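Per-entry structural report
Residue-level listing of the chains:
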Amino acid sequence: MSEPNDYWSAMERLPIALIIDDPMPCINPLYYFHLQVSKIAEPAHERTIPVSFLEQFVEVVESHGVRGDFSVIPYPAGLGSIAEGLEGFDDAELDQWLGLVRDHLPENFDIHSEILTHTLALDLETKKLIDISEHDWMGEQGEEILTEYFAESMSILKDVDLANHGITQPCYFKGDEDAYAKAILNAEKRVNGRSRTHYFLDVCVSQKRPLPYCRVADGGEFVVSIPSGTGDGFWPANNGSTDVDALADFYLTSDGQGGRLRELADWQGPIIILTHWQSLYGNGSQAGLNGLAELFRRIDQHLDGVEWMKISEISDLTIDAHRGSRT
C-alpha cells in the first residue's frame, strides 16, 4: 500500500518529524496504565509529572526548531475531562499545562487526541470506566461507535481551544482498520470540518523503508496512515537508565554513522521519530528529555538533508504522492 518510492527520494530534503505519545496534564500515564490496565496495586512509577517538565520540553524543541505531533489525552485515566477538571488534581495546574500547550506547541506540532482515557474504555453516557482496555474495546467496535468515541475526544480538545488534527492510537488496534480510518474522518468532519486527516498507529522498527500511505482516498476526502520508523529508544529511562549518550545512540550515534535515523535517512524516506511523554520524564530523572536534547544536537550536526515538518504536512505530501501516482 506504499506510494512510489521515487516520490520521497526525489525530494530535496527529507521530511523529519517527532511524535510525542501519551502526554497527559499533571498525570504520569505509565502509573495509571499499570494501575488500571495492568492491575498493579502499587505501580513503581511516580503518579504525577509536574508542569515544569512541560516548560523544559518546550524549551528543548523550540531551541532546535523541531516539528511533529504532540498528543493530548482528553479524559485521562477516567479522572475527568480536561475541559472540566481532573479528580485529585489542582485546576490551576491543569489550566497552566493547557495554557503552555496552547501558547507554544500548535505552530510546530499537530495536536492529536489520543482517544479518551489511554487506560480503560469510557462509557460515554455514564462517564464511567469499563473494565476493558480502551485499545482492546475499540478493536471490537464498528465504524458508528468508533465515530462517536473519536468525536467525543476531539470535542473535548476543541473545548479547551486545542484544535485537534489527527488521532494517535494507544497501544494497538486489532479491529477493522478501514472502519477505524473512516470513523476518524467522520469525527474530523463533524467536529473540525476537515475532509483530510491522518492517524498514527503503526510502529515499524524492522521495516526497511516504512512509508505513509492513504488508507482512505475518496474524491477529495483522505485519511493518511503515518507510521513511525523507530521504536522508543528512551523507554529504558522509565526503568532507571540514565546514560544519555546510550539512549540517544538508539536513534543516531554521536558520529552520525549509526542508529535507526541513519538507516532511514540512507533509505530516503520520511523520518518519523517516536517517543513517549513518560519516557522523557524517566520516572523523575528526565534522562529521556536530556537524551532527546542530545539527539537534536546530533541531528543538527549530521543530518543535513532533512526538514522538520508537522505530521499533517507529511500527510499532505502523501496525498500529493497518491494523486501523482494515479495521473
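Use the structure listed above.
This text gives an overview of the structure that appears in the document.

Conventions used here
Residues numbered from 1 in each chain as written. Predicted model: local features only at pLDDT ≥ 70, side-chain atom pairs only at ≥ 80, totals over all residues. Heavy atoms only, no water. Phe/Tyr/Trp six-rings, centres within 6.5 Å; stacked < 30°, edge-to-face > 60°. Buried < 20%, exposed > 50% of the residue type's maximum accessible area, 1.4 Å probe, protein only. Lys NZ or Arg CZ within 6 Å of the ring centre and 35° of its normal. Helix = DSSP H or I, 4+ residues; strand = E, 2+ residues; numbered from the N terminus. Pairing = 2+ DSSP bridges.

The next point concerns the packing of aromatic side chains. By the definition in use, this model includes 16 aromatic pairs. For the pair Phe173 and Tyr180, a centre-to-centre distance of 4.4 Å together with 35° between the ring planes defines the contact as tilted. One exposure class covers both Phe173 and Tyr180, and it is buried. Every member of this aromatic cluster is reached through a ring pair, and the members are Phe53, Phe57, Phe70, Trp97, Phe109, Trp277 and Tyr281. One cation-aromatic arrangement involves Lys174 over Tyr172; the distance from NZ or CZ to the ring centre is 4.6 Å.

A few words now on the pairing of strand β1 (residues 14-21). A large share of β1 lies buried, amounting to eight of its eight residues. Of the two faces of β1, both are covered, the one formed by Leu14, Ile16, Leu18 and Ile20 as well as the one formed by Pro15, Ala17, Ile19 and Asp21. Pairing geometry for β1 and strand β11 (residues 306-308), over three bridges, is parallel. Across the sheet, the residue bridging to Pro15 is Glu307, located in β11. One ladder, built from six bridges, connects β1 with strand β10 (residues 271-276); its direction is parallel. Bridge assignment links Ala17 to a residue of β10, and that residue is Ile272. Bridge count for β1 against strand β2 (residues 68-72) is three bridges, and the pairing is parallel. In the strand pairing of β2, Ile19 is matched with Asp69.

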